[in-house]
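Remarks on the overall topology
What follows is each chain in one-letter form.
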Amino acid sequence: MKTAEQYIPQAVSGLATSALSRVNSSKLSPSHLEKLAVVYVRQSSPTQVLEHRESTARQYALVDKAVAFGWSRDRVLVIDEDLGKSGRTTEGRSGFQRLIAEVTLDHVGMVLGLEMSRLARSSKDWHAFFELCAVFGTLIVDEDGVYDGNDPNDRLLLGLKGIMSEMELHIMRNRLERGRDHKAQRGELFYGVPLGYVILATGEVDFDPDAQAQDVIRLIFDKFDELGTIYGLFH
């Protein structure tokens, strides 16, 4: 089993454990500390992995938060197989499935994620996960606090966080779709142009600068004007 010392990047591993102040929580008990602490790391796409490195580093740095709660570094498990995978579904997310398996085997005292959306963007998947944590007494931790799925107030907060995470994805998708539709209405939405044409830096469409390509395009249109039908043009 690989632990935090084998996973954590140089950017955050340099933090000295001695410099970390002990974090106390009334929800944390010795029985939790006897099990593993699991840090779940995820980014939604390969592009985000490359471009949002600060977010990834902050997620790995949650190892230090687990240490501050009282775990030794070798008892903190980092699961990062889902880097570059969307949280909209659990399908294809081997890391999340591994996390569920560890919780189900009663190996986990605490699960740490930067925010709830790292674990699941689907409200259904999120509720199923924190219900599972409640059954096995596993605490859930994000940047805002420590949550116990058996506490009524924490259940309310966890439920709201799951709904907000799903709605955030819905809002982002709607924003992108409306932007695309607005661009299409202006006649500026291009996924590509036919052979013989190019998209200029200004966004306008023009003939390919190759003279032979231009001659072929003009010949096609001249023939269409002469024959009057697409069928005649192609035969």
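Since we're looking at a predicted model, the values are computed, not measured. (Residues numbered from 1 in each chain as written. Predicted model: local features only at pLDDT ≥ 70, side-chain atom pairs only at ≥ 80, totals over all residues. Heavy atoms only, no water.)

1. Brief notes about the nonpolar core
Leu99, Val103, Leu119, Trp126, Phe129 and Ile140 are the most contacted members of the largest nonpolar core, which has 21 residues in total. Among the secondary structure elements, those contributing two or more residues to this core are strand E1 (36–43), strand E2 (76–83), helix H7 (94–104), strand E3 (108–112), helix H8 (116–119) and helix H9 (123–135). At 5 residues, the largest contribution of residues to this core is made by H9. When sequence neighbours within four positions are dropped, the list of residues in contact with Val103 reads Val108, Val111, Phe129, Leu132, Cys133, Phe136 and Thr138. (Core = buried A, V, L, I, M, F, W, Y, C linked by side-chain atoms within 4.5 Å. Buried < 20%, exposed > 50% of the residue type's maximum accessible area, 1.4 Å probe, protein only. Helix = DSSP H or I, 4+ residues; strand = E, 2+ residues; numbered from the N terminus. Contact = heavy atoms within 4.5 Å.)

2. Quick word on the sheet that holds strand E5 (residues 146–148)
Across the sheet, 5 strands lie side by side as E2-E1-E3-E4-E5; this open sheet has mixed pairing. Where the open sheet ends on each side, the last strands, each with one partner, are E2 and E5. Taken over all neighbouring pairs, the strand axes of this sheet differ in orientation by 25 degrees on average, direction set aside. Sheet topology note: the strand E4 (residues 139–141)/E5 ladder contains 3 bridges and is antiparallel. In the strand pairing of E5, Leu139 is matched with Asp148. Against the sheet, helix H6 (residues 62–69) engages E1, E2, E3, E4 and E5, with an angle of about 140 degrees to E3. Contacting E4 and E5, helix H10 (residues 152–185) crosses the sheet at an angle of about 110 degrees to E5. (Pairing = 2+ DSSP bridges. Axes fitted to C-alpha atoms, helices over the stretch in contact; angles between N-to-C directions.)

3. Concerning the pairing of E3
Of all 5 residues in E3, 5 are buried; the element is thus mostly enclosed. Where E1 and E3 come together, 4 bridges link them in parallel fashion. Each bridged residue has a counterpart across the sheet, and for Ala37 the counterpart in E3 is Met110.

4. Some words on the environment of Asp154
Mapped onto the elements, Asp154 comes out in helix H10. Overall, Asp154 belongs to the buried group, its relative accessible area being 6%. Along the chain, Asp154 and Ile140 lie 14 residues apart, while their C-alpha atoms are 9.8 Å from each other. Leaving out residues up to four positions away in the same chain, Asp154 has contacts with Lys27, Val146, Tyr147 and Asp148.

5. Quick notes on the confidence of the model for the protein chain
When pLDDT is averaged along the protein chain, the result is 83, and 90% of the positions lie at 70 or above. Element-level pLDDT for the protein chain is lowest in helix H2 (residues 10–13), with a mean of 42, against a maximum mean of 96 in E3. Per-residue pLDDT stays below 50 along residues 7–20; that stretch engages in 20 contacts with residues further than four places along the chain or on separate chains. (pLDDT = per-residue confidence, 0-100.)

6. Digging into unusual backbone geometry
A positive phi angle, close to 60 degrees, is found at Asp106, a residue other than glycine. Considering the arrangement of structural elements, one finds Asp106 in the loop between H7 and E3. Since its relative accessible area comes to 35%, Asp106 is described here as partly exposed.

7. A closer look at the pairing of E2
With respect to burial, E2 is a largely interior element, 6 of its 8 residues being buried. Taken together, the 6 bridges between E1 and E2 define a ladder with parallel strand orientation. Directly across from Val38, in E2, lies its bridge partner Leu77.

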